[in-house]
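# Secondary and tertiary structure notes
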Amino acid sequence: RLRKWQERIRTKDAGERNLQFALSEIDRMASAIGVPRSVREVASVIYRRALNEDLIRGRSIEGVSTAVLYAACRKEGIPRSLEEIAEVSRVERKEIGRTYRYISQELGLEMRPVDPKKYVPRFSSQLELSEEVQAKAKEIIDTTAEQGLLSGKSPTGFAAAAIYAASLLCNEKKTQREVADVAQVTEVTIRNRYQEQIEAMGIPT
Amino acid sequence: MSAPADSIEIQNVVASTGIGQELDLEALATDLPGADFNPDNFPGLVYRTQEPKAAALIFRSGKIVCTGAKSINDVHEALDIIFDKLRDLGIPIEDAPAVTVQNIVSSADLGHSLNLNALAIGLGLEDVEYEPEQFPGLVYRMDDPEVVILLFGSGKVVITGGKTVDDASAAVGLIVDRIDELGLLG
DNA sequence: ACGTTACTTTGGAAAGC
DNA sequence: GCTTTAAAAAGTAACGT
């Protein structure tokens, strides 16, 4: 029918017009969190796919832009936590997470869970910790994850605890507060994950 | 031996029914002790039964939703209590209005801890939602029976979306077999 | 450093915005 | 899509003491 045809053109045009805005938003947020151009390119590809699959209806452009940036960071192996992404977006964390899950399912992105080790270099450098501490933290993550401690736990909290533990073991101590602040988790979470990891590593307290 | 199927416990049953007659909820709210009615927030009147413990949402159309019951029998008992209360208020209701079970929420214990990371890949990333940053459970949508299973690292699971008690049993049996085939059942 | 409360997820119906 | 109801799972967060 003619009406349906016109409607398609109308929504397609609107989508194309908004595409410009979406891409500039992705660019703005990507710069703010400091990720390479490759991430913005992946994000724009995902956004265009979402647009073609008509997944944007009923959702804000800002929300979808933020969600695809979050997905792109993970796909490129340089994940940002939802709170980090939310800091540069005007969309709240919960909405970003929901939109991300929806887009991810509908486009079949087949995202793998975030590897906590991916957060170690960035968090560690913000804390000015040595390579030795970073290597130790990664070792703690691998060993304890293999023992099943990672199931259901947030990757940032898991990484934060391992970094805290490694800083103690390498005599470069950072407080739980300092680590908690860069990882955007609470001290309680670090404490809980730390205790489990130390026990699994067979390190006496 | 404690088979996972034996650990299944029904946690909540959602059902709907109707008395085929319009109701004056404003009047009902004043005549029914303990009734909560805030039409500005929600069009339904909330009435809770103590034994069995359940909550009913009563609508102007006469349709009723019952939730919170721990068994299908409890749903009927709770609704019968409500029907009697309405009859006491002079509202004629047929003997046994048809009740439709809409959803059953169950929990169970698979008896082994689970590596959710390996499970997400093993079950197939396209059929699974596992976002530990947002929620600790792995969400698995099963086609037959059509239910959703939440799997946790502890080996505890939640089965929801089913309309019969057998749906939960079948789902637990199938997911245990599936996980076992993948060599991921401790 | 505790403890408590509360929020995240899944599913479904209802009437109305 | 939202609003309300109930219940489980386990993790995380935000209070108060």
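Cut-offs used in this document
Residues numbered from 1 in each chain as written. Chains lettered and ligands numbered in written order. Predicted model: local features only at pLDDT ≥ 70, side-chain atom pairs only at ≥ 80, totals over all residues. Heavy atoms only, no water. Buried < 20%, exposed > 50% of the residue type's maximum accessible area, 1.4 Å probe, protein only. Helix = DSSP H or I, 4+ residues; strand = E, 2+ residues; numbered from the N terminus. Arc of directions from axis to C-beta. Contact = heavy atoms within 4.5 Å. Domains from an automatic or database assignment. Near = heavy atom within 4 Å. Polar contact = N/O pair within 3.5 Å; in protein donor to acceptor, adjacent residues only side chain to side chain. Nonpolar A, V, L, I, M, F, W, Y, C, P; charged D, E, K, R; others polar. Pairing = 2+ DSSP bridges. Axes fitted to C-alpha atoms, helices over the stretch in contact; angles between N-to-C directions. Parallel < 35°, antiparallel > 145°, perpendicular 65-115°, else oblique. Left-handed = near helix turned anticlockwise from the far one by under 90°.

Quick look at helix α3 (residues 116–123) of chain B now. All names here are of chain B. Within α3 the residues assigned to the buried category are Leu-116, Leu-119, Ala-120 and Leu-123. Across the axial projection of α3, the buried residues extend over an arc of 105 degrees, all falling on one side. Residues of α3 that are buried make contact with β7 (128–129), β8 (138–142), β9 (147–151) and α4 (165–181). Gly-124 sits one or two residues past α3 and shows a positive phi near 105 degrees.

Here we come to the domain arrangement of chain B. As far as domains go, chain B holds domain 1 (4–8 + 103–181) and domain 2 (20–96). Look at where the C-alpha atoms of domain 1 of chain B and domain 2 of chain B centre, and you get two points 33 Å apart.

For the rest of this paragraph, the subject is the protein's contact with DNA strand D. Close contacts around DNA strand D come from 28 residues, with Arg98(A), Arg193(A), Arg48(B), Lys53(B) and Ser154(B) the closest. Those atoms of DNA strand D that come within 4 Å of the protein belong to sugar or phosphate at a rate of 73%. Taking Ser154(A), its main chain carries an N or O atom lying 3.0 Å from a phosphate oxygen of DNA strand D. Contacts to DNA strand D include Ser154(B), whose side-chain N or O atom sits 2.3 Å from a phosphate oxygen. Among the elements of the structure, α10 (187–200) of chain A together with β1 (9–18), β4 (54–58), β5 (63–69) and β10 (156–162) of chain B are those that each provide at least two residues to the surface near DNA strand D. Considering only residue class, the surface near DNA strand D consists of 10 nonpolar, 11 polar and seven charged.

Successive side chains on a regular strand alternate, one facing one side of the sheet and the next facing the other. Residues and elements named next belong to chain B. Along β9, four of the five residues are buried, which leaves the element largely enclosed by surrounding structure. Pairing between β8 and β9: five bridges, direction antiparallel. Looking at the pairing, Arg-141 lines up with Val-148 of β9. Counting the residues in the hairpin turn of β8 and β9 gives four residues. Where β9 lies against β10, four bridges are found, and the strand directions are antiparallel.

This paragraph deals with the packing of helix α2 (residues 37–52) of chain A against helix α3 (residues 61–75) of chain A. All names here are of chain A. Orientation of α2 relative to α3, taken along the N-to-C sense of each, is 125 degrees, at an axis distance of 8 Å. Taken together, the axis directions place α2 and α3 in an arrangement best described as oblique. Pair α2 / α3 crosses with right-handed handedness. Here Val-39, Val-42, Ala-43, Ile-46 and Tyr-47 of α2 lie close against α3, whose contacting residues are Ile-61, Val-64, Ser-65, Val-68, Leu-69, Ala-71, Ala-72, Cys-73 and Lys-75. Counted by class, the contact of α2 with α3 contains 12 nonpolar, one polar and one charged residues.

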